[in-house]
Amino acid sequence: MTRLHARVVLDYPFAAPATDGSVVEVAPGILWVRMPMPMALDHINIYLLKGSEGWTLIDTGLNTELTRERWEHIASAHLQGLPIVRLVCTHMHYDHAGLASWLCERFDIPLYMTHGEYFMMRAMADPMPDPLPQAQVEFYQRAGMPPERVERMWKAMRKDPFLPPQPHSFTRLRGGDEIELGGRIWRVVIGEGHSPEHACLYCEQDEILIAGDQLLPRISSNVLVTGIEPEANPLKLWLESLTRLEQLAPGTLVLPSHERVFRGLHARTQELREHHEHQFVLLRAHLTEHASCTAFEAMLCLFPRLRGPVDDMLALGESIAHLSWLRYEGVLRRVLDEDGVHRFTLADPAFALTLPPADATENPELAETSHARH
């Protein structure tokens, strides 16, 4: 996820709970819990929905002993004697579904997910083999990433301590489904780009959105191309998903998976569009100055302060996503050179763009040009 310092003023109506198993009620029968994560993004938000038959859990936290201890505490301290009756996972990333198997077995409950998320989770259950499959080797070669940097990245990824056991069955959620959870009717709103078939849940009557990672208040969810689908255009799907969210009521209370519960849905979706627009501008300006670039060089332009090998993977994938969007829109051209590396150039001199000095006021011509074809 990209750190993005929000400029718009959002309304944060609640103080966040501590990661010790405390709860905050954000609406009647909806509890907000934070699970700790031992990484830079140090928490995930979990929501519990109270119904007459019991509680629905939204997402799980990481597959760690500490998270399991937090769930045991919550079950004993906050559920008012009612059972847990189901688990809903918004998507397959393991901070959201890493304890799905354990929770389903521990509380004898069904798992609800979309088809795309469940089967992608199963497909990604095992660590990448060593050595890398040829298709993965080719993906990074074509991106122009130095082999030693690729090796460092996958060496770190293979040591990932959070890979979870997998649940063996699920109940399918589909976009547009309406489902009763915790005494409310929720409509499934599908988001794409960050993950294959991310399920947001919207209660129209009370104007509440359980947003998962599809809409976050201060960071931009990672949208990346990987070697699994190297010709994908996930940023197009991401932007189309923002359009779907913009059809929801402007006063909606947004329950995100990270950071704080907020209001200001439409302002935030517009800010996210502007963030990606800015990335497009940076790439066009870089190619105006340098004539061509590889995906790896684009990564160094867009993300100059990476902290380690996992950041390399996320930043490269997101850089390719921006290059792919511009390529499919006809702004860039891609050529496979004799050295097996893809190089990108502007498709037409009309797309050239020069950035003003860093301390200059915004150039009106730049602002106008940057929205061309976008």
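Definitions and limits used
Residues numbered from 1 in each chain as written. Predicted model: local features only at pLDDT ≥ 70, side-chain atom pairs only at ≥ 80, totals over all residues. Heavy atoms only, no water. Helix = DSSP H or I, 4+ residues; strand = E, 2+ residues; numbered from the N terminus. Rg over C-alpha atoms; globule rule 2.2 N^0.38 Å. Buried < 20%, exposed > 50% of the residue type's maximum accessible area, 1.4 Å probe, protein only. Contact = heavy atoms within 4.5 Å. Areas by Shrake-Rupley, 256 points an atom, 1.4 Å probe, with all protein chains shown as cover. Lys, Arg positive; Asp, Glu negative; His and termini not counted. Charge placed at Lys NZ, Arg CZ, Asp CG, Glu CD. Salt bridge = Lys/Arg side-chain N within 4 Å of Asp/Glu carboxyl O. Pairing = 2+ DSSP bridges. Axes fitted to C-alpha atoms, helices over the stretch in contact; angles between N-to-C directions. Core = buried A, V, L, I, M, F, W, Y, C linked by side-chain atoms within 4.5 Å.

**Details of the overall build of the protein chain**
When you go through the protein chain residue by residue, the secondary structure sums to eleven helices and 17 strands. For 374 residues, the compact-globule estimate of 2.2 N^0.38 gives 21 Å, and the C-alpha radius of gyration of the protein chain, at 21 Å, lies within 12% of that figure. In terms of its C-alpha atoms, the protein chain occupies a principal-axis envelope of roughly 65 × 50 × 35 Å. Burial statistics for the protein chain: of 374 residues in total, 53% are counted as buried. Restricting to contacts in the protein chain with at least 6 residues of sequence separation, those with at least 24 account for 67%. When the accessible surface of the protein chain is split by element, carbon and sulfur atoms take 52% of a total near 16,600 Å². Across the protein chain, the 34 positively charged side chains and the 50 negatively charged ones have centroids separated by 1 Å.

**Considerations on the side chain of D59**
Position of D59 among the secondary structure elements: in the loop between β5 (55-58) and α1 (65-77). No salt bridge is formed by the buried D59, whose closest oppositely charged neighbour, R34, lies at an N-O distance of 13 Å. Excluding residues within four positions of it along the chain, D59 makes contact with I46, W71, L87, V88, C89, T90, H91, H96 and S257.

**Thoughts on the sheet that holds strand β6 (residues 84-88)**
Taken together, seven strands build an open sheet; the order of strands is β2-β3-β4-β5-β6-β7-β8 and the sheet is mixed. Of all the strands in the sheet, the pair left with one neighbour each is β2 (23-27) and β8 (171-173). When strand polarity is set aside, the average angle formed by the axes of neighbouring strands in this sheet is 30°. In this structure, β2 lies alongside strand β3 (residues 30-36), joined through four bridges in antiparallel fashion. By the bridge assignment, A27 is partnered in β3 with I30. Sitting on the sheet, helix α3 (residues 100-107) is in contact with β5, β6 and β7 (111-114), with an inclination near 165° to β6. Helix α4 (residues 115-123) rests against β7 and β8 of the sheet, and its axis sits at about 100° to β7.

**Things to note about the nonpolar core**
Ranked by internal contacts, the top residues of the largest apolar core, which has 53 residues, are Y140, M145, L209, L215, L316 and L332. The element best represented in this core is helix α10 (residues 309-328), accounting for eight residues. Among the nonpolar cores identified, the runner-up in size contains 32 residues, and L31, A97, F107 and I109 belong to it.

**As for unusual backbone geometry**
Backbone torsion omega between D130 and P131 reads 5°, so that peptide bond is classified as cis. With respect to the helices, strands and loops of the structure, P131 is situated in the loop between α4 and α5 (134-143). Phi at E207 is positive, roughly 55°, even though this residue is not glycine. One can find E207 in the loop between β11 (198-203) and β12 (208-212). With a phi close to 70°, E259 is a non-glycine residue in the positive phi region. In this fold, E259 is placed in the loop between β14 (253-256) and β15 (262-263). E259 sits in the buried class, given a relative accessible area of 15%.

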